[in-house]
Amino acid sequence: MKGKGEVRTRRSLAQHWLKSESALDNIVRAAECSKEDRVLEIGPGTGILTRRILPLVQALISVEIDRDLCKMLVKEFGKRENFLLLQGDFLELDVESQLGSFEKFQNQNKVVANIPYNITGPIIEKLLGTIANPNVRPYESIVLLIQKEVAERIVAKPGGRTFGALTVRVQYLAECQYICTVPASAFHPAPKVDSAVVRLIPRQLEKQAHDPKYLETLVKLGFSAKRKMLRNNLQSIIERDDLTAILEQLNINPQARGEDISVEQWVELSNELKEKTKQHGTLEENLDVDTINENDIENDI
Ligand code: SAH
């Protein structure tokens, strides 16, 4: 779609241009950029956020998949010494290896981006890594504009409806802060859903999983059927009575559901269960894969 003087937008690339100055202010403020920062931006689009960040930082590297937009970006920012544009799919690119001799762009310490919402989950996973394979060089901070519904799941506290597998997976790797809501009307064209700015600060939880792979699989299983008690979701790996005993020992209500227990309690549960179920084979073997419904991020734009 293209009106007079407008940039064409590709729906397949989840292109929605941010036009709200106050949303931009909030993103930039949350990123706390300084002249020491080497920032990574994913999906610069027409460069509205790029324009804001560039004067504040030592180096900015932006990854954009759309060739036509890349041409525009090069036209506007190509001569700026602290700007580097990579054309390609962020999910496919090994950014670091592309940098070769561009030393001053290496080792980015922050991410600031209004990302394409159809790949929010994979982008966050690439930035943070997974429970079993955390990013070995974690960023100092990651400020993202994402779907509000996903933001709420990422920052959720136990006990609420939004707490789920995604919450545990992300909060295991990062402290998550909800910065502000950004209404759909702040974009052109307006997406179907509201958005939110979140800040993720990668960190190691004090309580670590003895076997991160086990925790990862346990979390999947624990949320496999929504709003079911843990003792039902986990019955393929442990007898109800045995689980009740473990839950009581961990001061968890035996009737708790996956969303009722904190990330730390998930870790404790994983460590205990791993110990107790050792003799019954591995979790993966006991896991009935068909029962898993990946309640991951839907494409809701
Ligand atoms: N940051 C801009 C644009 C956001 S829209 C703004 O705030 O206005 C999302 C942007 O991500 C688009 O420019 C789109 O072309 C780009 N994009 C989509 N998929 C991508 C991918 N896999 N890798 C890199 N960029 C991508």
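Keep in mind that this is a model prediction, so the values were computed, not measured.

### Structural notes on the overall build of the protein chain
Regarding its fold elements, the protein chain presents twelve helices and nine strands. A compact globule built from 301 residues should have a C-alpha radius of gyration of about 19 Å, and the protein chain, at 21 Å, falls within 12% of that. Buried positions account for 39% of the 301 residues belonging to the protein chain.

### Side note on the nonpolar core
By size, the foremost hydrophobic cluster in this structure holds 75 residues, and its most contacted members are Ile27, Val112, Ile146 and Val198. Among the elements that make up this core, the one with the highest residue count is helix H7 (residues 165-173) (six residues). When we break this core down by domain, the ones giving at least three residues each are domain 1 (11-202) and domain 2 (212-296). When sequence neighbours within four positions are dropped, the list of residues in contact with isoleucine 27 reads Leu49, Val112, Val143, Leu145 and Val197.

### Details of the site of the ligand
The full set close to the ligand counts 24 residues, and Leu18, Gly43, Gly45, Asn114 and Pro116 are the nearest of them. Elements represented by at least two residues in the shell around the ligand include exactly strand E1 (17-18), helix H2 (48-53) and strand E3 (59-64). By residue class, the composition of the shell around the ligand is 15 nonpolar, six polar and three charged.

### Some details on the domain arrangement of the protein chain
By the assigned domains, the protein chain splits into domain 1 (11-202) and domain 2 (212-296). For the side of domain 1 that touches domain 2, the residue count by class is eight nonpolar, six polar and one charged.

### Observations concerning the packing of helix H8 (residues 212-222) against helix H11 (residues 263-276)
The description of two packed helices rests on the angle between their axes and on the distance between the axes. Running from N to C, H8 and H11 cross one another at 110 degrees; their axes reach a closest spacing of 9 Å. Considered as vectors, H8 and H11 are oriented roughly perpendicular to each other. For the pair H8 and H11, the contacting residues are Tyr214, Leu215, Leu218 and Val219 in the first and Trp266, Val267, Ser270, Leu273 and Lys274 in the second. Counted by class, the contact of H8 with H11 contains seven nonpolar, one polar and one charged residues.

### Thoughts on H11
With 14 residues, H11 ought to run about 20 Å at 1.5 Å a step, and its terminal C-alpha atoms sit 20 Å apart, in line with that. All buried positions along H11 are accounted for by Val263, Trp266, Val267, Leu269, Ser270 and Leu273. The buried side chains of H11 occupy one side of the element, clustering within an arc of 165 degrees when seen end-on. For H11, the secondary structure elements touched by its buried residues are H7, H8 and helix H10 (240-249).

### Brief notes about the sheet that holds strand E7 (residues 174-182)
Spatially, E4-E3-E2-E5-E6-E9-E7 is the arrangement adopted by the seven strands of the open sheet, whose pairing is mixed. Looking at strand neighbours, the two that pair on one side only are strand E4 (83-87) and E7, the edges of this open sheet. Here the average twist between neighbouring strands, direction ignored, is 20 degrees. Contacts from helix H1 (residues 21-31) reach strand E5 (110-114), strand E6 (141-147), E7 and strand E9 (195-202), with the element oriented near 155 degrees to E6. Most of the contacts of helix H3 (residues 67-77) go to E4, to which it runs at about 165 degrees, and overall it touches E3 and E4.

Thresholds applied
Residues numbered from 1 in each chain as written. Predicted model: local features only at pLDDT ≥ 70, side-chain atom pairs only at ≥ 80, totals over all residues. Helix = DSSP H or I, 4+ residues; strand = E, 2+ residues; numbered from the N terminus. Rg over C-alpha atoms; globule rule 2.2 N^0.38 Å. Buried ≥ 20, exposed ≤ 12 C-beta atoms within 10 Å, placed from the backbone. Core = buried A, V, L, I, M, F, W, Y, C linked by C-beta atoms within 7 Å. Domains from an automatic or database assignment. Contact = placed C-beta atoms within 7 Å. Near = placed C-beta within 6 Å. Nonpolar A, V, L, I, M, F, W, Y, C, P; charged D, E, K, R; others polar. Axes fitted to C-alpha atoms, helices over the stretch in contact; angles between N-to-C directions. Parallel < 35°, antiparallel > 145°, perpendicular 65-115°, else oblique. Expected span 1.5 Å × (residues − 1). Arc of directions from axis to C-beta. Pairing = 2+ DSSP bridges.

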